[in-house]
Structure formats: C-alpha cells, structure tokens
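Residue-level structure breakdown
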Amino acid sequence: MAITSRLRTTKAKPSSLNADSNIIKIAAIQMASGPQVSANLNEAERLIEVAANQGAKLVALPEYFAIMGLKETDKVAVREEEGKGPIQAFLSKMAKKHKIWLVGGSVPLSSNFPNKVRNSCLVYDDKGKQVARYDKIHLFGLDLGNEHYHEEKTIESGNEIQVVDTPFGKIGLSICYDLRFPELYRAMGEVSMIIVPAAFTDTTGRAHWETLIRARAIENLCYVVAPAQGGYHLSGRETHGNSMIVDPWGVILDRLPRGSGVVIATMNPQYQASLRKSLPALKHRTIK
C-alpha cells in the first residue's frame, strides 16, 4: 500500500515543563519482554522509576514492551481499544505519577480485522493525558535462513505520519522497521527529535541497527531516541538490544548492549540549532 504524505502534527496543551531553551534529560528503556503483560508492566514500572529518579523528563519504552508472546498471535489476544485497557491505563498512570512525558513504544490496539492489531506508539504528557498516536506504517518481512517474519499476517499498517509538538520541540514518531525508510522522516519536516522504539532481530540488528540510527540523526540533524528489546525471549526469538540516544552530529551519547536497563542523555536545543546554522543541509534540499 502506497502511503501519501499525510502528515498529522499534534499540538499538545501547554505543560508545566518549559525546556525550549534549556538542556533536558531524555531516556530510553531497554527490556527483554515476555508473554505475560502484568510481569512486563512491573518491569517497565521499575525502569521508568529509575529514569525519572535520574531526572529524565521524557522517557521512551521499546516496541512491544507489554508483550513479546510465544507466538505472533498472542498480541492479538491482548489488544485494546484506544483509550481503554490495562496497558494504556499503566502508561497514563506512570506519566502522571512521575510528571514525565512518556512514549509507550508500541501497544497492540484494535484494528479493522479480528485477527490483526494496529502496532501503535502512544505519547502521554506529564499530566497523564494521551496526546499522540502513531500506527506503524512499514511492516517487517524477512526470510533469511531459519528466520521468518511476516508482520502483515497479524498487523494492519497505518497510513499517517505523526509529529507531536512538545515542550522539547517537535518529535517525529516511528517504529522499528520504519527506520529503513528515510522518506518517512523527510516527510516529517524539521523535527527536534525522532523516536524509534524497536524489537530488531539480532541478525539484522548486528548488521544495520547502529548505522541506520546514526544515519537518521545525521541526515535530519536531530536527536534520535531508540529504545529497544534486547535479549532472549521465551518464544526463542533473540532481539538485538543496543538501545541508544544519538545527537544531531551522529554521536552516540549513551547505549546499552543487552538486557533490561536505561540509557540516558541530555538534549541541548542550542547545540542542535548551532549545528543547523553551521551546516544548513536541511535548507539545501533541492529534491522535494
């Protein structure tokens, strides 16, 4: 399905945070989620608290943080209607409790098909209100050796690019396989930050993950926050991990190779602005 350049910019209401001109801390959480939603939420709660206690004002969770099932259809069984359900209630509660902006990497939401979900990235403000939703557009497919993935069998793709206005600037939302499609990020316009929650396989991750993350940061002169699944899962799947935060020059500010944990770094809007002034590549574009 071809996606036209339908760009939705969500404008959040004024927040108690005012980080437009200040250095702020941002965090990415890494997990190795299992098939039990309640256990995963407990682990996510612990890690969110770690990030908040370190001063993070924006925290992002990985793709499928609430469930990595024994089989691909497990996520369909726990899908939620937008605005209802334990996963979304958890995200709202955590954002409000810690007074942070929280990105729920991806949540399985209801789709137009009984056997599929929308793989949705949800953003909550520091009052616990959902302010943005992005449905994953590009669906992963791989047939390589013994590895076979066909997301279209259990996921209905989205068709709308999503940018949200926040106290930290404009944030572009994407999920995992989207990372391989630079035209998605170009269509977002000039954003301050890109968020890429992921569950990269270890095979493709070792080959391409860091290169793609740094490329998206460099070509868009923006911060990239990439929270990932990292480890072995009960299904037998192995995810690559290496959650990282990269600055607009492509420098990795923090990373975590494997296992559960938090990566944290500072975002400096003045530094980003100075880079865009010194190297105005975004204004030199001639192909639209």
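Residues numbered from 1 in each chain as written. Predicted model: local features only at pLDDT ≥ 70, side-chain atom pairs only at ≥ 80, totals over all residues. Heavy atoms only, no water.

1. So, the overall build of the protein
- Along the backbone of the protein there are 6 helices and 17 strands.
- Taken against the 2.2 N^0.38 rule, which gives 19 Å for 288 residues, the C-alpha radius of gyration of the protein at 17 Å falls within 12% of a compact globule.
- For the C-alpha atoms alone, the extent of the protein along its principal axes is close to 50 × 40 × 35 Å.
- Counting all 288 residues of the protein, 56% fall into the buried class.
- Partitioning the contacts of the protein with sequence separation of at least 6, the portion at a separation of at least 24 is 68%.
- Accessible area for the protein stands at about 12400 Å²; split by element, carbon and sulfur atoms hold 53% of it.
- Once the 36 positive and 29 negative side-chain charges of the protein are each reduced to a mean point, those two points are 5 Å apart. (Helix = DSSP H or I, 4+ residues; strand = E, 2+ residues; numbered from the N terminus. Rg over C-alpha atoms; globule rule 2.2 N^0.38 Å. Buried < 20%, exposed > 50% of the residue type's maximum accessible area, 1.4 Å probe, protein only. Contact = heavy atoms within 4.5 Å. Areas by Shrake-Rupley, 256 points an atom, 1.4 Å probe, with all protein chains shown as cover. Lys, Arg positive; Asp, Glu negative; His and termini not counted. Charge placed at Lys NZ, Arg CZ, Asp CG, Glu CD.)

2. Some points on the pairing of strand β10 (residues 169-173)
- Counting buried positions along β10 gives 4 out of 5 residues, so the element sits mostly inside the fold.
- Note: strand β9 (residues 161-166) against β10, 4 bridges, orientation antiparallel. Residue pairing in the sheet places D165 in a bridge with K170 of β10.
- Counting the residues that bridge the hairpin from β9 to β10 gives 2 residues.
- With 3 bridges connecting them, β10 and strand β11 (residues 193-195) associate as parallel partners. In the strand pairing of β11, L173 is matched with I195. (Pairing = 2+ DSSP bridges.)

3. Brief notes about the sheet that holds strand β3 (residues 56-60)
- Across the sheet, 6 strands lie side by side as β6-β5-β4-β3-β2-β17; this open sheet has mixed pairing. Of all strands in the sheet, those bounded by a partner on one side alone are β6 (130-135) and β17 (261-267). Averaged over all pairs of adjacent strands, the angle between strand axes in this sheet comes to 25°, irrespective of strand direction.
- Across 7 bridges, the pairing between strand β2 (residues 24-30) and β17 is antiparallel. If you follow A28 over to β17, its bridge partner there is V263. (Axes fitted to C-alpha atoms, helices over the stretch in contact; angles between N-to-C directions.)

4. Focus: the packing of aromatic side chains
- Applying the stated criterion across every chain, the model contains 5 aromatic pairs.
- Pairwise contacts between aromatic rings join F140, Y149, Y177 and F181 into one cluster.
- Just above the ring of F113 sits the side chain of K116; from NZ or CZ to the centre is 5.2 Å.
- Above the ring of Y232, the side-chain terminus of R258 is found at 5.3 Å from the ring centroid. (Phe/Tyr/Trp six-rings, centres within 6.5 Å; stacked < 30°, edge-to-face > 60°. Lys NZ or Arg CZ within 6 Å of the ring centre and 35° of its normal.)

5. Considerations on the environment of A39
- Among the structural elements, A39 can be located in helix α1 (residues 37-53).
- For the pair A39 and N242, spaced 203 residues apart in sequence, the C-alpha to C-alpha distance is 22 Å.

6. Concerning a nonpolar patch on the surface
- Taken together, the side chains of W249, V251, L253 and L279 make up a nonpolar region of the molecular surface, amounting to roughly 350 Å² of accessible area.
- Along the chain, the position of V251 falls in the loop between β15 (243-246) and β16 (252-256).
- For V251, a relative accessible area of 38% translates into the label partly exposed. (Patch = residues over 30% accessible without salt bridge, like charges linked within 9 Å, V, L, I, M, F, W, Y side chains within 5 Å. Salt bridge = Lys/Arg side-chain N within 4 Å of Asp/Glu carboxyl O.)

7. Overview of the sheet that holds β11
- Spatially, β1-β9-β10-β11-β12-β15-β16 is the arrangement adopted by the 7 strands of the open sheet, whose pairing is mixed. Where the open sheet ends on each side, the last strands, each with one partner, are β1 (7-11) and β16. On average, each strand axis in the sheet is tilted by 20° relative to the strand beside it, whichever way the strands run.
- Sheet topology note: the β1/β9 ladder contains 5 bridges and is parallel. Bridged to R8 within β9 is Q162.
- Strands β11, β12 (223-226), β15 and β16 of the sheet are contacted by helix α5 (residues 202-220), whose axis makes an angle of about 20° with β15.

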